Amino acid sequence: MLPLLLASSSVYRRDLLSRLRLPFTCSSPDIDEGHHQGETAIELVKRLSLEKARALAASHPNHLIIGSDQVAVLDGRIIGKPHTYEKAHQQLTTASGASVSFLTGLTLLNSQTGHYQTDCVPFTVHMRSLSAEQIERYLRAEQPYDCAGSFKAEGLGVSLFQRTEGDDATSLVGLPLIRLVDMLLAEGVHLP
């Protein structure tokens, strides 16, 4: 098996990938993550996941490189990581009682052959109706300012959900393991 490389510095993605019990290393690619005019959210995450993998191909010529990118979509608009309390409060206020779609682009690139597989895995969170006090308590408790949608699904953020919808809950955290396993199997990786 070629060595696995996760093209990310995300602790969340690293923790998810470790569930597969395969040895891997991590490296953070340096790419422009800007949105191209006219590009849909699905096109954006697929392109960025592929660009992240390709950005490391030259420096890791004999690897299986995993690239992933995620956006949250609310009311037809892409919402990113809030980075501040104020923006997180605004995102959660807008999301209260609504549905937020998470689109996760995933690419597995064989840098030895140049062959790649890419996909977008959707997951929807239907939010509870939240009061300003609930939002404030949550943000003070978990400070999810580095998370698209302003919550940590793997933590206390689950208390904000009314229900979820999707085929792979790991895609909500940023690395859809079920689809990744399909890709790894297609590359001849033996799991479990």
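Because the structure is a prediction, the values reported are computed rather than measured.

What to know about the nonpolar core
Then comes step 1: One finds M127 and F151 to be the most contacted residues of the largest nonpolar core, which totals 24 residues.
Then comes step 2: Those elements giving two or more residues to this core turn out to be strand 3 (64–74), helix 3 (85–95), strand 5 (99–110), strand 6 (116–127) and helix 4 (132–142).
Then comes step 3: In terms of residues, this core owes the most to one element, helix 3, which gives four residues.
Then comes step 4: L22, L175, L177 and L184 belong to the second largest nonpolar core, which has 17 residues in total.

Comments concerning helix 3
Then comes step 1: Every buried residue of helix 3 is accounted for by Y85, A88, H89, Q91, L92 and A95. For helix 3, the buried positions fall inside an angular range of 165° around the axis, keeping them on one side. Exposed residues lying more than 90 degrees from the buried face of helix 3 are E86 and Q90.
Then comes step 2: Contact partners of the buried residues in helix 3: strand 3, strand 4 (77–79), strand 5, strand 6 and helix 4.
Then comes step 3: Note on helix 3: the residue one or two positions beyond its end, G97, has a positive phi of about 75°.

Topic: the side chain of Q91
Then comes step 1: Within the secondary structure, Q91 is located in helix 3.
Then comes step 2: Among the polar contacts made by the side chain of Q91, one reaches the main-chain carbonyl oxygen of G80 at a distance of 2.9 Å.
Then comes step 3: Polar side-chain contacts of Q91 include one of 2.5 Å to the side chain of S150.
Then comes step 4: In this view, Q91 contacts L74, I79, G80, K81, P82, G149 and S150; residues no more than four positions away in its chain are not counted.

Overview of the pattern of salt bridges
Then comes step 1: According to the stated counting rule, one finds six salt bridges in the structure shown.
Then comes step 2: Note that E39 and R47 form a salt bridge whose closest N and O atoms lie 2.6 Å from each other. The same class applies to E39 as to R47, namely buried.
Then comes step 3: For R179, the salt bridge goes to D119, with nearest N and O atoms at 2.8 Å. With R179 in helix 6 (residues 177–186) and D119 in strand 6, this residue pair connects regions lying 60 residues apart in the sequence.
Then comes step 4: By relative accessible area, R179 is classed as partly exposed at 23%.
Then comes step 5: Here D119 falls in the partly exposed class, since its relative accessible area comes to 24%.

What about the UniProt feature "active site" (unreviewed entry) in the protein?
Then comes step 1: Per the UniProt record, "active site" (unreviewed entry) is found at D69.
Then comes step 2: You can see D69 is positioned in strand 3.
Then comes step 3: Given the relative accessible area of 5%, D69 is considered buried.
Then comes step 4: Contacts of D69, omitting those with residues within four sequence positions, involve R13, E33, V45, L48, S49, K52, L103, T104 and G105.
Then comes step 5: Separated by 2.9 Å, the side chains of D69 and K52 make a polar contact.

Each value, and the rule that gives it
- Residues numbered from 1 in each chain as written.
- Predicted model: local features only at pLDDT ≥ 70, side-chain atom pairs only at ≥ 80, totals over all residues.
- Heavy atoms only, no water.
- Core = buried A, V, L, I, M, F, W, Y, C linked by side-chain atoms within 4.5 Å.
- Buried < 20%, exposed > 50% of the residue type's maximum accessible area, 1.4 Å probe, protein only.
- Helix = DSSP H or I, 4+ residues; strand = E, 2+ residues; numbered from the N terminus.
- Arc of directions from axis to C-beta.
- Contact = heavy atoms within 4.5 Å.
- Polar contact = N/O pair within 3.5 Å; in protein donor to acceptor, adjacent residues only side chain to side chain.
- Salt bridge = Lys/Arg side-chain N within 4 Å of Asp/Glu carboxyl O.
- UniProt positions renumbered as here; feature names shortened; annotations may be inferred.

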